[in-house]
Amino acid sequence: MNISILGAGAWGTALAVQASARHDVCLWARDAAWVEQARSSRLNERYLPGVVLPQGLTPTADLAAAIEHAQGGLIIVATPMAGLRGMLKQLPDGASVLWLCKGFEAGTGLLGHEIAREVQPRLRVGILSGPSFAQEVAAGQPTALVAASADAELAQLAVDAFHSERLRVYTSCDPVGVEVGGAVKNVMAIAVGLADGLRLAAEAADDVSAAPGLNARAALITRGLAEMMRLGQALGARTETFMGLSGMGDLVLTATGDLSRNRQVGLLLAQGLSLDAILKRLGHVAEGVYSAATVLARARSKGVDMPITEAMVAVLQGQLTPQAALDLLMGRQARAEH
């Protein structure tokens with residue numbers, strides 16, 4: 001089929017590389033100079049260094065042409081969450097579109113499917129998510145994703161587009177749960193990175209007596225999953241979704257994998273770096289930084305208790321130190337687990 005991927009960051013490029021083995025793929029980027037460089041070098045050195053762009057992949061800076069290319073096929077929006085609304089507004093009625101971004105929209109607190117319902121209700125929409133580092137997908141390493149949509153035919157279209165020997169695509173009819181999982185796990189990854197960073201600093205100082213260890217990491221991941229589920233249930237998600245790829249799977253990968261930008265934010269905060277310095281060093285978007293406050297606001301609007309999220313917002317806003325945040329979480333009053 002004809003596939004257009006709108007956004008040439010790491011994840012959009014990785015998916016384009018994999019799909020171009022079997023489909024005619026157009027990869028749109030806003031920067032015309034980058035497109036010319038990519039056409040000549042067949043590389044995306046800024047976001048996915050060392051990965052060759054196959055000949056079946058066509059970079060373009062012409063958005064209208066990219067959208068036209070996918071008529072009757074599939075459009076993938078691979079922009080950050082902040083760009084989703086503007087991109088959806090430009091798509092024609094009836095287009096089949098999935099997005100890759102994970103988070104709540106700043107300002108409105110809306111998830112992707114809620115944005116789509118507001119700005120383009122006649123689109124066929126869904127999300128492609130799951131535990132996936134772009135570098136591994138581009139290299140053809142085994143990965144499993146989930147395509148979620150209330151439109152079962154659209155979810156199946158994603159399977160037809162991307163399912164292969166090394167990239168397994170499951171389907172889900174719970175886009176709410178898949179989107180909540182993808183948004184909240186980024187915040188939890190910052191928390192786990194923070195705890196791991198404090199442990200590494202204590203080890204370097206040869207004083208691990210009170211430092212968080214692997215026990216603390218397991219606790220944060222588990223209680224983070226509980227927060228994710230509580231918010232998801234309040235928004236109408238299915239509980240079982242959070243035990244799958246976009247819930248537990250994505251949480252474990254993002255919280256523990258060294259390729260995770262959100263985890264890196266936590267690690268570097270524990271070293272005492274400022275948030276501005278961290279973001280400058282990373283060079284790429286770490287969605288948890290931008291969505292943490294929005295996740296907390298949406299939870300409060302539903303009366304959902306999310307103490308880890310609340311602590312991370314306080315750290316990111318400079319109201320708590322990493323150590324104080326962890327002490328606050330561990331000092332909470334005992335309660336029933338469920």
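Values in this document were obtained by computation on a predicted structure and should not be read as measured data.

Considerations on helix H5 (residues 112-119)
Next up, step 1: With six of eight residues buried, H5 is to be regarded as a mostly interior element.
Next up, step 2: Among the structural elements, helix H4 (84-89), strand S7 (96-99), strand S8 (124-129), helix H8 (175-204) and helix H13 (287-301) are those in contact with the buried residues of H5.

Overview of the sheet that holds strand S2 (residues 24-28)
Next up, step 1: One open sheet accounts for eight strands, arranged S5-S2-S1-S6-S7-S8-S9-S10; its pairing is mixed. Edge positions in the open sheet fall to strand S5 (57-60) and strand S10 (167-172), since each of these has one partner strand only. Direction aside, neighbouring strands of the sheet carry axes that sit 25° apart on average.
Next up, step 2: Summarising the sheet, strand S1 (residues 2-6) and strand S6 (residues 74-77) pair through four bridges and their orientation is parallel.

Digging into the layout of surface pockets
Next up, step 1: Volume-wise, the largest pocket comes out at about 1200 Å³.
Next up, step 2: Forming the walls of the largest pocket are 43 residues, and the residues nearest its centre are Gly9, Ala10, Trp11, Arg261 and Val285.
Next up, step 3: Sorting the residues of the lining of the largest pocket by element identifies helix H1 (10-19), strand S4 (48-52), helix H6 (134-138), H8, helix H10 (245-256) and helix H11 (261-270) as the ones contributing at least two each.
Next up, step 4: Tallied by class, residues from the lining of the largest pocket come to 20 nonpolar, 14 polar and nine charged.
Next up, step 5: Viewed by domain, the lining of the largest pocket spans two of them, domain 1 (2-173) and domain 2 (182-331), each represented by three or more residues.
Next up, step 6: Of the voids in this model, the second largest pocket is the one considered here, and its volume is about 430 Å³.
Next up, step 7: Arg223, Pro307, Leu329, Arg332 and Arg335 are the residues nearest the centre of the second largest pocket, which is lined by 17 residues in total.
Next up, step 8: The set of elements that each furnish at least two residues to the lining of the second largest pocket consists of helix H9 (214-234), helix H14 (307-316) and helix H15 (322-330).
Next up, step 9: Of all the elements, H9 adds the most residues to the lining of the second largest pocket, at six residues.
Next up, step 10: Residues of the lining of the second largest pocket, tallied by class, amount to nine nonpolar, one polar and seven charged.

Some thoughts on the domain arrangement of the protein chain
Next up, step 1: When the domains of the protein chain are assigned, the result is domain 1 (2-173) and domain 2 (182-331).
Next up, step 2: Taking only C-alpha atoms into account, the centre of domain 1 sits 26 Å from that of domain 2.
Next up, step 3: Taken residue by residue, the interface counts 25 residues in domain 1 and 22 residues in domain 2.
Next up, step 4: In this assembly, domain 1 packs against domain 2 so that about 1800 Å² is buried in total across both faces, 70% of it on carbon and sulfur atoms.
Next up, step 5: Sorting the residues of domain 1 by area buried against domain 2 places Lys102, Phe104 and Phe133 first, and these three jointly supply 38% of that buried surface.
Next up, step 6: Counting across the interface, domain 1 meets domain 2 through two salt bridges.
Next up, step 7: Here Arg298 ties to Glu114 by a salt bridge, and the two come within 2.9 Å at their closest N and O atoms.
Next up, step 8: Taken together, domain 1 and domain 2 are joined by four residue pairs in polar contact (both at pLDDT 80 or more).
Next up, step 9: For the side of domain 1 that touches domain 2, the elements supplying multiple residues, two or more each, are H6 and strand S9 (143-148).

Quick look at the pairing of S8
Looking along a regular strand, one sees the side chains alternate between the two faces of the sheet.
Next up, step 1: The pairing of S7 with S8 spans four bridges and is classified as parallel. Among the inter-strand pairings, Trp99 is bridged to a residue of S8, identified as Ile127.
Next up, step 2: Remark: the S7/H5/S8 crossover connection has right-handed handedness.
Next up, step 3: As paired elements, S8 and S9 share three bridges and run antiparallel to each other.

Focus: the pattern of salt bridges
Next up, step 1: Counted according to the given criterion, the structure contains 15 salt bridges.
Next up, step 2: Where Arg85 meets Glu105, a salt bridge forms, and the shortest distance between an N and an O atom there is 2.8 Å. Here the residue Arg85 occupies a position in helix H4, and Glu105 occupies one in the loop between S7 and H5, the gap between them amounting to 20 residues. Comparing Arg85 with Glu105, the two get one shared label, buried.
Next up, step 3: Across the salt bridge formed by Glu153 and Arg124, the nearest N and O atoms sit 3.8 Å from each other. Of this pair, Glu153 sits in helix H7 (residues 152-162) while Arg124 sits in strand S8; the two residues are 29 residues apart in sequence, bridging distant segments of the chain.
Next up, step 4: The structure contains a network of salt bridges with shared partners spanning Asp196, Arg199, Glu203, Arg217, Asp258 and Arg263.

Quick notes on the nonpolar core
Here is a general trend for soluble globular proteins: nonpolar side chains tend to be buried in one another's company.
Next up, step 1: Counting 49 residues, the largest nonpolar core has Val180, Leu231, Val265 and Met312 as the members making the most contacts within it.
Next up, step 2: Of all the elements in the fold, those that place two or more residues in this core are H8, H9, H10, H11, helix H12 (275-282), H13, H14 and H15.
Next up, step 3: Looking at this core, the element that brings in the most residues is H8, giving 13 residues.
Next up, step 4: In this structure, Ala29, Trp34, Leu48 and Leu53 belong to the second largest nonpolar core, which totals 39 residues.

Conventions used here
Position numbers for residues start from 1 in each chain and track the written sequence from start to end. Residues qualify for local features only when their pLDDT is at least 70, as the model is predicted, and side-chain atom pairs are given and counted only at 80 or more; totals for whole chains, interfaces and linings, by contrast, use all residues. Think of the side-chain values as coming from all heavy atoms in the structure, minus any hydrogens and water. Residue burial is assigned from relative accessible area. The probe radius is 1.4 Å, only protein chains are included, and a residue is buried under 20% of its type maximum, exposed over 50%, and partly exposed in between. Runs of E in the DSSP output that reach at least two residues are strands. Runs of H or I that reach at least four are helices, and both are numbered from the N terminus. Here, two residues are considered to be in contact whenever any of their heavy atoms come within 4.5 Å of each other. DSSP bridges decide pairing: two strands pair if at least two such bridges lie between them. With axes taken as lines fitted to C-alpha atoms, and helix axes fitted only over the stretch in contact, angles between N-to-C directions fall between 0 and 180 degrees. A pocket here means an open set of points on a 1 Å grid, computed over the protein atoms alone, that has protein on both sides within 12 Å along at least five of seven lines. A cavity is instead a set of points where a 1.4 Å probe fits but cannot get out; residues with an atom within 4 Å of a point line either one. Grid points are joined across faces, edges and corners, and a volume is the space filled by probe spheres set on the points. Polar here means any residue outside two lists: the nonpolar Ala, Val, Leu, Ile, Met, Phe, Trp, Tyr, Cys and Pro, and the charged Asp, Glu, Lys and Arg; Gly therefore counts as polar. The source of the domain bounds is an automatic or database domain assignment. Once two parts are joined, some of their accessible surface, as seen by a 1.4 Å probe, is lost; buried area is that loss totalled over both. Every case where a carboxyl oxygen of Asp or Glu lies within 4 Å of a side-chain nitrogen of Lys or Arg is listed as a salt bridge. Whenever two N or O atoms come within 3.5 Å, that pair is a polar contact, provided that in protein one can donate a hydrogen and the other can accept it, and provided that, for residues adjacent in sequence, both atoms are side-chain atoms. With the strands pointing away from the viewer, any crossover whose connection runs clockwise from the first strand over the helix to the second is right-handed. Nonpolar cores were defined as sets of buried Ala, Val, Leu, Ile, Met, Phe, Trp, Tyr and Cys residues, with membership established by side-chain atoms within 4.5 Å.

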